[in-house]
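Close look at the chain arrangement
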Number of protein chains: 2
Amino acid sequence: MGGVQSLGVGMIGLGVVGGGVARILQERSTYFRQAHGLDLVLRRVAVRNPGKPRAVDLPAGVITDDAPAVIQDPGVDILIEVMGGLDPASGFCLEALRAGKDVVTANKALLAEKGQPLFHAASEAGVGLGFEASVCGGIPIMRALSRGLVANEIESLYGILNGTTNYILTRMSDDGGSFEEMLGQAQERGYAEADPTMDIDGTDAAQKLALLCRLAFCSHVSPATIPRDGIEAIGPLDIDFARELGYAIKLLAIAKTHGRRLETRVHPALVPSGCLLANIKDEFNAVEVVGSAVGPQVFYGRGAGQMPTASAVVSDLVDLARQRTSSVRQDAFVPTETAEADPVPPEEVVTSFYCRLTVRDRPGVLAQVAQIYAQEHISIAKVIQHGRSDTEDGAVPLILTLHEAPEGSMRRAVSSINKLPVVTEPAQIIRIEEL
Amino acid sequence: MGGVQSLGVGMIGLGVVGGGVARILQERSTYFRQAHGLDLVLRRVAVRNPGKPRAVDLPAGVITDDAPAVIQDPGVDILIEVMGGLDPASGFCLEALRAGKDVVTANKALLAEKGQPLFHAASEAGVGLGFEASVCGGIPIMRALSRGLVANEIESLYGILNGTTNYILTRMSDDGGSFEEMLGQAQERGYAEADPTMDIDGTDAAQKLALLCRLAFCSHVSPATIPRDGIEAIGPLDIDFARELGYAIKLLAIAKTHGRRLETRVHPALVPSGCLLANIKDEFNAVEVVGSAVGPQVFYGRGAGQMPTASAVVSDLVDLARQRTSSVRQDAFVPTETAEADPVPPEEVVTSFYCRLTVRDRPGVLAQVAQIYAQEHISIAKVIQHGRSDTEDGAVPLILTLHEAPEGSMRRAVSSINKLPVVTEPAQIIRIEEL
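Numbering of residues starts from 1 in each chain and follows the order in which that chain's sequence is written. Just so you know, chain letters begin at A and ligand numbers begin at 1, following the order they were written in. Restriction of local features to residues with pLDDT of at least 70 applies here, the model being predicted, together with a cutoff of 80 or more for giving and counting side-chain atom pairs; totals for whole chains, interfaces and linings are based on all residues. Excluded from the side-chain calculations are hydrogens and water; all other atoms, namely the structure's heavy atoms, are used.

1. Notes on the overall build of chain A
For clarity, the threshold we go by: Segments assigned H or I by DSSP are reported as helices when at least four residues long, segments assigned E as strands when at least two residues long, and all are numbered from the N terminus. For a compact globule the rule gives 2.2 Å times the number of residues to the power 0.38, and the radius of gyration it is set against comes from C-alpha atoms. The buried label applies to any residue whose accessible area, calculated with a 1.4 Å probe on protein chains only, is under 20% of its type's maximum; exposed applies above 50%, and partly exposed to all values in between. Two residues form a contact once any of their heavy atoms are found within 4.5 Å. In short, Shrake-Rupley with a 1.4 Å probe defines the accessible areas, and a residue's cover is counted only from the protein chains shown. Under the counting rule used here, the positive set is Lys and Arg, the negative set is Asp and Glu, and His together with the chain ends is not counted. Lysine's charge is taken at NZ, arginine's at CZ, aspartate's at CG and glutamate's at CD.
Along its length, chain A carries 14 helices and 18 strands. The C-alpha radius of gyration computed for chain A amounts to 24 Å, which stays within 12% of the reference 22 Å derived for 435 residues, consistent with globular compactness. Overall, chain A is about 80 × 45 × 35 Å in size when its C-alpha atoms are taken along their principal axes. The buried share of chain A, taken over its 435 residues, is 61%. Long-range contacts, defined as pairs at least 24 residues apart, comprise 73% of the intrachain contacts of chain A with a sequence gap of at least 6. Entry remark: accessible area of chain A is about 16300 Å², with carbon and sulfur atoms responsible for 48%. Here chain A contributes 39 positive and 53 negative side-chain charges, whose respective centroids are spaced 3 Å apart.

2. Focus: the pattern of salt bridges
Residues and elements named next belong to chain A. The condition that has to hold: Any carboxyl oxygen of Asp or Glu within 4 Å of a side-chain nitrogen of Lys or Arg constitutes a salt bridge here.
Tallied over the full model, the rule gives 51 salt bridges over all chains. Residue Glu407 pairs with Arg411 through a salt bridge whose shortest N-O separation is 2.6 Å. Within this pair, Glu407 and its partner Arg411 are both found in helix H14 (residues 407-418), separated by four residues, close to a single helical turn. With relative accessibility at 47%, the residue Arg411 sits in the partly exposed group.

3. Considering the pairing of strand S11 (residues 284-291) of chain A
All names here are of chain A. Just so we agree on the cut-off: Two strands pair if DSSP finds at least two bridges between them.
Among the eight residues that make up S11, eight are buried, leaving the element largely enclosed by the rest of the structure. Burial along S11 is two-sided: Phe284, Ala286, Glu288 and Val290 facing one way and Asn285, Val287, Val289 and Gly291 facing the other are all buried. In terms of strand pairing, strand S7 (residues 154-160) meets S11 through six bridges, oriented antiparallel. Along S11, the bridge assignment pairs Gly159 with Val287. Taken together, the eight bridges between S11 and strand S12 (residues 295-302) define a ladder with antiparallel strand orientation. From the neighbouring strand, Phe284 faces S12, where its bridge partner is Arg302. Hairpin geometry of S11 and S12 is characterised by an intervening segment of three residues between the two adjacent antiparallel strands.

4. Description of the sheet that holds strand S4 (residues 78-81) of chain B
Residue and element names in this part refer to chain B. To keep things clear, this is the line we draw: Between N-to-C directions, angles span 0 to 180 degrees; the directions come from axes that are lines fitted to C-alpha atoms, helices contributing only their stretch in contact.
The strand order across the open sheet formed by six strands is S3-S2-S1-S4-S5-S6, and the pairing between neighbours is parallel. Bordering the open sheet on either side are strand S3 (63-64) and strand S6 (129-130), each of which pairs with just one other strand. Two strands pair when backbone bridges link them, and strand S1 (residues 5-12) and S4 are joined in this way by four bridges, in the parallel orientation. Bridging from a neighbouring strand, Ile12 pairs with Glu81 of S4. Each of S1, strand S2 (38-46), S4, strand S5 (102-105) and S6 is contacted by helix H12 (residues 306-324), which is oriented at about 170 degrees to S5, the strand it contacts most.

5. A short note on helix H13 (residues 365-375) of chain A
An α-helical turn contains 3.6 residues, so a residue and the one three or four places further along point in the same direction. Residue and element names in this part refer to chain A. Test applied: Note that the arc is defined by the directions from the helix axis to the C-beta atoms.
By the burial criterion, the buried members of H13 are Val365, Val369, Ile372 and Tyr373. Burial along H13 is one-sided: seen end-on, the buried residues are contained in an arc of 100 degrees. Counted as exposed and oriented over 90 degrees from the buried face of H13: Ala367 and Gln375. Against the buried residues of H13 lie strand S15 (350-360), strand S16 (380-384), strand S17 (395-406), H14 and strand S18 (423-432). Backbone geometry just downstream of H13 places His377 in the positive-phi region, at approximately 60 degrees.

6. Description of the interface of chain A and chain B
To keep it simple, the criterion reads: Accessible surface is computed with a 1.4 Å probe, and the buried area is the amount of it that two parts give up when combined, taken over both parts together. Within 3.5 Å is the distance limit for a polar contact, defined as a pair of N or O atoms, with the added protein rule that one can donate a hydrogen and the other accept it, and that residues adjacent in sequence qualify only through two side-chain atoms. Residues are grouped as follows: nonpolar covers Ala, Val, Leu, Ile, Met, Phe, Trp, Tyr, Cys and Pro; charged covers Asp, Glu, Lys and Arg; every other residue, Gly included, is treated as polar.
Counting from both sides, the interface comprises 55 residues of chain A and, opposite them, 55 residues of chain B. Summing both sides of the interface, chain A and chain B together bury roughly 4800 Å²; the carbon and sulfur share of this comes to 56%. One can count two salt bridges joining chain A with chain B. For the salt bridge of Arg147 of chain B with Asp319 of chain A, the shortest nitrogen-to-oxygen distance reads 2.9 Å. Inspection of the region where chain A meets chain B yields 14 residue pairs in polar contact (both at pLDDT 80 or more). Where the side of chain A that touches chain B is concerned, the elements lending two or more residues are helix H2 (29-36), helix H6 (141-148), S12 and helix H12 (306-324) of chain A. Per-element tally for the side of chain A that touches chain B: the top contributor is H12 of chain A, with nine residues. When the residues that make up the side of chain A that touches chain B are grouped by side-chain class, the tally is 27 nonpolar, 19 polar and nine charged.

7. With respect to the relation of the copies chain A and chain B
For the record, the criterion: Only residues with pLDDT of at least 70 in both copies count here: their C-alpha atoms drive the least-squares fit that superposes the copies.
Rotating chain A by 180 degrees and moving it 0.0 Å along the rotation axis overlays it on chain B with an RMSD of 0.0 Å. Viewed as a symmetry operation, the transformation between the two copies matches a two-fold axis. In terms of proximity to the rotation axis, the leading residue of chain A is Phe299 of chain A, whose C-alpha is 2.5 Å off the axis. When you check the interface residues of chain A against chain B, 100% turn up at the interface there too, and the contact is symmetric in its surfaces.

8. Here we look at the environment of Ile154 of chain A
All names here are of chain A. Assignment of secondary structure puts Ile154 in strand S7. Owing to a relative accessible area of 6%, Ile154 belongs among the buried residues under this scheme. Remark: the alpha-carbon pair of Ile154 and Pro236, spanning 82 residues in sequence, is separated by 35 Å. Beyond its immediate stretch of four places on either side in the chain, Ile154 contacts Leu145, Leu149, Ala216, Phe217, Thr257, Val289, Val290 and Gly291.

9. Re the nonpolar core
Looking at soluble globular proteins, one finds that nonpolar side chains tend to be buried together. Quick reminder of the rule: Buried Ala, Val, Leu, Ile, Met, Phe, Trp, Tyr and Cys residues that are joined via side-chain atoms within 4.5 Å together make up what is termed a nonpolar core.
Among the nonpolar cores identified, the biggest contains 158 residues, and Ile141 of chain A together with Ile141 of chain B are the most heavily contacted of them. When residues no more than four places from it in sequence are discounted, the contact partners of Ile141 of chain B are Glu132, Val135, Cys136, Leu212, Val287, Val289 and Phe299 of chain B.

10. A closer look at unusual backbone geometry
Backbone torsion omega between Asp87 of chain A and Pro88 of chain A reads 5 degrees, so that peptide bond is classified as cis. Even without glycine at this site, Asp282 of chain B takes up a positive phi of about 50 degrees.

11. A closer look at the side chain of Ser409 of chain A
Here Ser409 of chain A shows up in helix H14. In contact with Ser409 of chain A, not counting residues within four places along its chain, are Glu376 and Ile378 of chain A.

12. A look at helix H7 (residues 163-175) of chain B
Residue and element names in this part refer to chain B. Just so we agree on the cut-off: Helix span is expected to be 1.5 Å times the residue number reduced by one.
Given a rise of 1.5 Å per residue, 13 residues ought to cover 18 Å, and the 17 Å separating the end C-alpha atoms of H7 matches this to within 8%. Taken across its 13 residues, H7 has ten buried, putting it largely inside the fold. Of all the residues in H7, the buried ones are Gly163, Thr164, Thr165, Asn166, Tyr167, Ile168, Leu169, Thr170, Arg171 and Met172. Where H7 begins, the capping side chain belongs to Asn162, and its oxygen is found 3.2 Å from the backbone nitrogen of Thr164. Positioned one or two residues after H7, Gly176 has a phi angle of 80 degrees, which is positive.

13. Here we look at the packing of aromatic side chains
All names here are of chain A. Which entries qualify depends on this criterion: Each aromatic pair joins two rings of Phe, Tyr and Trp (for Trp, the six-membered one) with centres within 6.5 Å, and gets the label stacked for planes under 30 degrees apart, edge-to-face for over 60, and tilted for any other angle. A positively charged side chain is recorded as over a ring if its NZ (Lys) or CZ (Arg) lies within 6 Å of the ring centre. The angle to the ring normal must also be within 35 degrees.
In this structure the tally under the stated criterion is nine aromatic pairs over all chains. Look at Tyr167 and Tyr191: their rings are 4.9 Å apart centre to centre, the planes differ by 50 degrees, and that puts the pair in the tilted class. With Tyr167 in helix H7 (residues 163-175) and Tyr191 in the loop between helix H8 (179-188) and helix H9 (197-200), this residue pair connects regions lying 24 residues apart in the sequence. Tyr167 gets classed as buried once you look at its relative accessible area, which sits at 2%. The aromatic ring of Phe119 is capped on one face by Arg214, whose charged end is 3.7 Å from the ring centroid.

14. Some words on the packing of H13 of chain A against H14 of chain A
Residue and element names in this part refer to chain A. Rules: When an angle is under 35 degrees it counts as roughly parallel; over 145 it counts as roughly antiparallel; between 65 and 115 it counts as roughly perpendicular; any other value is oblique. Crossing handedness is defined as follows: a turn of the near helix away from the far one that is anticlockwise and smaller than a right angle gives a left-handed crossing, while the clockwise case is right-handed.
Across the interface, H13 lies against H14 with an axial gap of 9 Å and an inter-helix angle of 150 degrees. When the interaxial angle is binned, H13 and H14 end up roughly antiparallel. Note on packing geometry: the crossing formed by H13 with H14 is right-handed. Contact residues: Val369, Ile372 and Tyr373 in H13; Met410, Ala413, Val414, Ser416 and Ile417 in H14. Each residue belonging to the contact of H13 with H14 can be placed in one class, and the counts come to seven nonpolar, one polar and no charged.

15. Quick notes on the packing of H7 of chain B against helix H11 (residues 236-244) of chain B
All names here are of chain B. At their nearest, the axes of H7 and H11 sit 10 Å apart, and the two run at 70 degrees to each other. By the angle class used here, H7 and H11 are roughly perpendicular. The two elements H7 and H11 cross, and the hand of that crossing is right-handed. Residues Leu169, Met172 and Ser173 of H7 form the contact with H11, whose own contacting residues are Pro236, Ile239 and Arg243. A breakdown of the residues in the contact of H7 with H11 according to their chemical character gives four nonpolar, one polar and one charged.

Now the structure itself:
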């Protein structure tokens, strides 16, 4: 209470996000002073090329090319890392934490792949490590999990965490194009990178899911251990049949607790078209969290972009600054104890399924397929057989939805089905999530 | 860091919400100790009838009928007020704040109608006043506004804040009943009180909107000054025509900044059927916030009920406890300065409109109506005239949507239209919000 406390901020990187952070610090300085009693002074910013013209005006002497000098500057209390990449960003963050500075980073890949030593260093030094910006851009999901829902055991979490794939799937559904066409469109509009592999194949979503698991379940999950499928095999036929069945197709990142075990996965899924996640359009993100006390909650917003990401960085900065003005350290962002997750093996994961077969149009096909599913104790829920021929050889799509079954059983069934002479292409299998 | 700090909690009231709070404190005590270093001890609970059997087991001596003794107990650091009502709850909270205790309350009406002295007392005493539970149950919207979106100027806010009216409107839309039928159903299912007036007429939503404005705009708004319309006049015809036009009807609470002026209102509105708010079903709540940096965000969940509300109370309790273990007070929940809002007069508020007229089925009606709108410089966007006769006297509905116009102009136009001899019932006017 009373009076304004001044804190020094250092930043490494002044690209898109860094420029946004600098702008917010300038534009909101009066508010931070009046409403929060904080004078946040951007004291030093390290960049590769100090001579380059910048969109934001900073006082002389603030910009330097000497990152270690920024980190060690005694006038810098909190360091913002927005340079990106694993190295040297990792070393810079570690050095700052060890020097007793709080660190804020938007670097999802760094935290997901090499975060454990950083979280450990923050805990050792009794400083904070803010990473709200690393998942879902400006959506305050990290705060919701670590603070707002503190009274809840989180039971499950379903996220649309990747804007690129959600844009592609939305456009395929609403405009009716192919995956390749819509990927091209996403690239033109800046929603997909030149090399979109990490987005398309689910790696980006898996990294974000790992970070969400840290706060939602106090679990340490390595992204490499999260089973994942990308969206590259989703075709217009699947979008159409899903719609006919009352579903939309979304790339979901899912985590669920089963006692002490944690089930994690990233894959395209059919979700009921009336549910909120089915209605998340284009490049937007959303996370549905089911808490033991609150039940289902959804958090929605822009998952990327300059100002949303900068907004999240600054929210961490303000929280850490408030904390730093306390004499007792509070360790706001890093749960004091996280345990290595005990994963549910993929073959034991139980879901219902959508199965699109391409078969020769002759009697008895369904009987053969049904018998194989019966052998694996998988029940058929619905069958669609329009008899329309989409291919030169007269093959037709045969669509089935299947009641809940372990993935292991489904894999064995599909392996047998793919060997049937009447089946002309490998089966397309997509999980169904009844949110 | 290190060690566990013990804090004493007092509670006034052990009804539905209080029972939920006591349960969470018991079930989550290990987590609070391990992850937050907090031992939250429910030391004393004041109730009207200490002899009554309770669902939750508390140690002997905790329950008392002496509320002032709970407040003044030196072992009580934080007071939870869940007794409800304006008096004596108001006096109890004031007394606790003045005694240097943090206060957590779920008492929306108290804060909205008589909150100013409480916020003032908290500020004077340098203690916290947590009220996350007072708006939207378990949805951490207060935290999102005061912390997560701290980097943003909030430009506008659209809330479905009342579960009763949202349940009624959803069921009217999905099941096709009348307002009265669905109100009856809501009462049977426990979503509406025996006297539902405050829900139906928008008073409850206005109180919640006033509290949201405190955090979103640092503005002090008295609920009585918020213009409001209820949903009692919405009929099945309106639901049907709205759907035909591509909209759903929702009771919205809206706040928008215009420079230093604040526009607030609560009324039913047509919202595009594809937007998220149109898809908020039954008793659920949602708030869409548009921030200067993040753009639109939506927060969704259960707005009422025992455990969601208790979840919000406990989240405030944990935050205040963390704060209390700091030697520097941080005033987390109450913006240090709020200004009396400078309201936009209702007649200046600009929206587009849906207008349902009941007219005699004869030539020239539309020309007469169109001329009146033209005189007020209101442009017609769409007209629907099915010619179906719904009434004994052969009157038919004539539906118009109107481009943006100030409410004052619309009122004058409608007053003239209602006087036309061909118009057999007063016009039904509902605002359109293109979210």
